[in-house]
Amino acid sequence: MAFTPISWIGKGFKYLWSALDFSRRVFFNLLILAVLIFIIINLFSGGVRKLEDKTALILDLKGTLVEQHANSPREALIAEARGDAKKTTQLRDVLAVLDQASKDPQINSVVLLLDDLGGAGLASLREITAAVDRFKASGKAVIAWGSSYDQRQYYLASHANEIYLHPMGTVMITGFGKYRNYYRDALDKFGVTVTVLKAGNFKSFGEPYVANAPSPEAAKADAYLYNGLWKTYTTDVEKARKLPEGAIMQGINDLGKLLKDAGGDIAKLAVNAKLVDGLKTRDELRELMIKRGVKDTQLKTFRQVPFEEYLARIKPKVFGDAVGVVIAAGEISEGMAPPGSIGGLSTSQLIRKAREDDSIKAVVLRVDSPGGSAFGSELIRRELELTRKAGKPVVVSMGDVAASGGYWISMAADEVIADEATITGSIGVIAILPTADKAADKLGVHTAGSPTTWLADPFNPLRPFNSRFAELLQSSIDHTYGDFTAKAAAARKTTPEKINEVAQGRVWTGTQAKERGLIDTIGNFGDALKSAATRGKLGNDYRISYIEREPSKFDRLLSIFDAKIASVVHEQFKLASATSGLPPAAASQVLSDLTWLAEANKEGKGFTALTHCLCTAP
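Here's what I pulled together on the structure shown here.

Cut-offs used in this document
Residues numbered from 1 in each chain as written. Predicted model: local features only at pLDDT ≥ 70, side-chain atom pairs only at ≥ 80, totals over all residues. Heavy atoms only, no water. Axes fitted to C-alpha atoms, helices over the stretch in contact; angles between N-to-C directions. Helix = DSSP H or I, 4+ residues; strand = E, 2+ residues; numbered from the N terminus. Parallel < 35°, antiparallel > 145°, perpendicular 65-115°, else oblique. Contact = heavy atoms within 4.5 Å. Buried < 20%, exposed > 50% of the residue type's maximum accessible area, 1.4 Å probe, protein only. Salt bridge = Lys/Arg side-chain N within 4 Å of Asp/Glu carboxyl O. Polar contact = N/O pair within 3.5 Å; in protein donor to acceptor, adjacent residues only side chain to side chain. Core = buried A, V, L, I, M, F, W, Y, C linked by side-chain atoms within 4.5 Å.

## Side note on the packing of helix α3 (residues 91–103) against helix α4 (residues 122–137)
In a packed pair of helices, the relevant descriptors are the angle between the two axes and the axis-to-axis distance. Across the interface, α3 lies against α4 with an axial gap of 9 Å and an inter-helix angle of 10°. As far as their axial angle goes, α4 and α3 are roughly parallel. Contacts between α3 and α4 involve Leu91, Val94, Leu95, Leu98, Asp99, Ala101 and Ser102 on the former and, on the latter, Ser124, Glu127, Ile128, Ala131, Val132, Arg134 and Phe135.

## Some details on unusual backbone geometry
Working note: non-glycine residues mostly have negative phi, and peptide bonds are mostly trans. At lysine 242, a residue that is not glycine, the phi angle is positive and equals roughly 55°. Along the chain, lysine 242 falls in the loop between α8 (216–240) and α9 (247–253). Positive phi, normally seen in glycine, also occurs at aspartate 457, with a value near 50°. Inspection of the secondary structure puts aspartate 457 in the loop between α17 (437–443) and α18 (467–492).

## Quick notes on helix α12 (residues 282–292)
All of the buried residues along α12 are Leu285, Leu288, Met289 and Ile290. On the buried face of α12, the contacting elements are β1 (55–60), β4 (107–113), β5 (141–146), β6 (162–165), β9 (295–296) and β10 (301–302).

## What about the pattern of salt bridges?
Per the counting criterion, the structure on display carries 27 salt bridges. With a closest N to O distance of 3.3 Å, lysine 62 and aspartate 116 form a salt bridge. In this pair, lysine 62 is assigned in the loop between β1 and β2 (64–66) and aspartate 116 in the loop between β4 and α4, connecting sequence segments 54 residues apart. A salt bridge links aspartate 99 to arginine 134; the shortest N-O distance between them is 3.0 Å. In this pair, aspartate 99 is assigned in helix α3 and arginine 134 in helix α4, connecting sequence segments 35 residues apart.

## Considering the side chain of threonine 485
Along the chain, threonine 485 falls in helix α18. Exposure remark for threonine 485: the relative accessible area of 6% places this residue in the buried category. A distance of 3.0 Å separates a polar atom in the side chain of threonine 485 from the backbone oxygen of glycine 482. Among residues more than four places away in sequence, those in contact with threonine 485 are Ile427, Pro496, Ile499 and Ala503.

## So, the environment of alanine 337
Within the secondary structure, alanine 337 sits in the loop between β13 (332–333) and β14 (342–343). Along the sequence, alanine 337 and arginine 549 sit 212 residues apart, while their C-alpha atoms lie 9.6 Å from each other.

## Regarding the nonpolar core
In terms of nonpolar packing, the biggest core is built from 56 residues, with Leu59, Ile128, Tyr154, Val171 and Tyr233 touching the most fellow members. In this structure, isoleucine 128 is in contact with Leu61, Leu65, Leu91, Val94, Leu95, Leu98 and Leu156, ignoring residues within four places of it in sequence. Ile360, Val394, Tyr407 and Ile427 belong to the second largest nonpolar core, which has 50 residues in total.

So, in structure tokens, the structure goes:
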């Protein structure tokens, strides 16, 4: 056979590909072998390094405080291996670390570093401060340091034995409540009409899209809610810092004078107001901790163990009877949802899994949700009802928010426990239906057809909304509201009329809800676990089993496409907002609100009966 350059090149590529394939196999086999060796070494060497006496636990909380990571454990490990910053911290992990450290003879103190703590609701913060107080009750010290403290960070810091602030730092306590955007005029200019159908005078979810200001009912409810939360915040801080009652509010009212007296020095003002105990740079804090503990000569700092490392030392019990915990965090949809959100089907499956596990004797549903789909909510409530009928007690533990659909899923429990700062209630139903027929007219787009009945294509967004059909939807919403109040009345052992008086879509704090019979007990997550263990006849030696699911490969594939779509929308809006002169923060909020409106009917049914409160923890 004659030699040709083409055949020579072909053979060359074939050999090169074989070599690359062989190298790839060798590389991944060696990588797997290295991982196995690492696991074996850790198993037989006792894992992490041994702690020595007088070790300080560094509680360096990062990102948003959440009930559940949005990623699976495997994805979290991959992100960590890539060096990606961890943007969420699980509340349960913080509580477990503090409670374990309080009993650990090698841990003599906790250092709170809160600069990187982002979002957190007041109820979650109160869970942590309760754990901090338990740690202090063991006779150990808690020292807080910050370059500055925002309102959330300072709430945690206020429970420390000592608080230190950088000499150029600030303490920003601004109060609760915020200004909401309203889009009626903007949507009119775009030619978008929004129809809101609701049951509940205080159900203000749709107001931003049909009004330019809050209704009197919404303003009244918000003021009552936020004043209640603010009272909890200021009372807790003043008690922790041994300040006179009303000192926080007085300081805010007199801020101008107090700052002038401090010569314009905000850090000095914080010392004068006894909000902090002193001003220190980070190196000065380090020197203080070395004097009080033991110097680590190798690292040239005080002897310490980071939060993540200490968390890895805690080995959960894997055998024996348990209290099963199902996390219901995020907005409620009807189908399958990944960790960090709630799906009617997926969360129901988790509850069913707990019910069918013979080792689980009681179930705690931990709720942190503003609501969502009424149908999805009912699927979950029904599954809890079946669990109780099967003889397993159910206790609901409300976190930052358990309102509207979040309250609906809480209505099949032996006991409902909420923090006094939980936002709950909002028993009401709403549907939002946007149409863009006027916008289509401006663009020269017209629709026509020959339907056989007036019911055909009722949700076509390019046609005016059919008022005749609106009557049908309103009737359906009223029915759903009646079902909601009837189920609430049965759960609370009262009448629908009594529930209706405190329903109407109105939100309440945990304390206000307790006063109105909407919950059973003011307490925290630990109280819920104890109640479930008692009801399940478990005694004190029980394990806690979190019932969770990992996202499927298909879920991950969808999330990739979702991210790409979202990035396109985001970039387009950035171009528009840049020319409009909107500041980036304001533009981000507008984008979020209008994206929600655009996706309101994404289920393909034209509308969804929503049990949603449009509320977030302050």
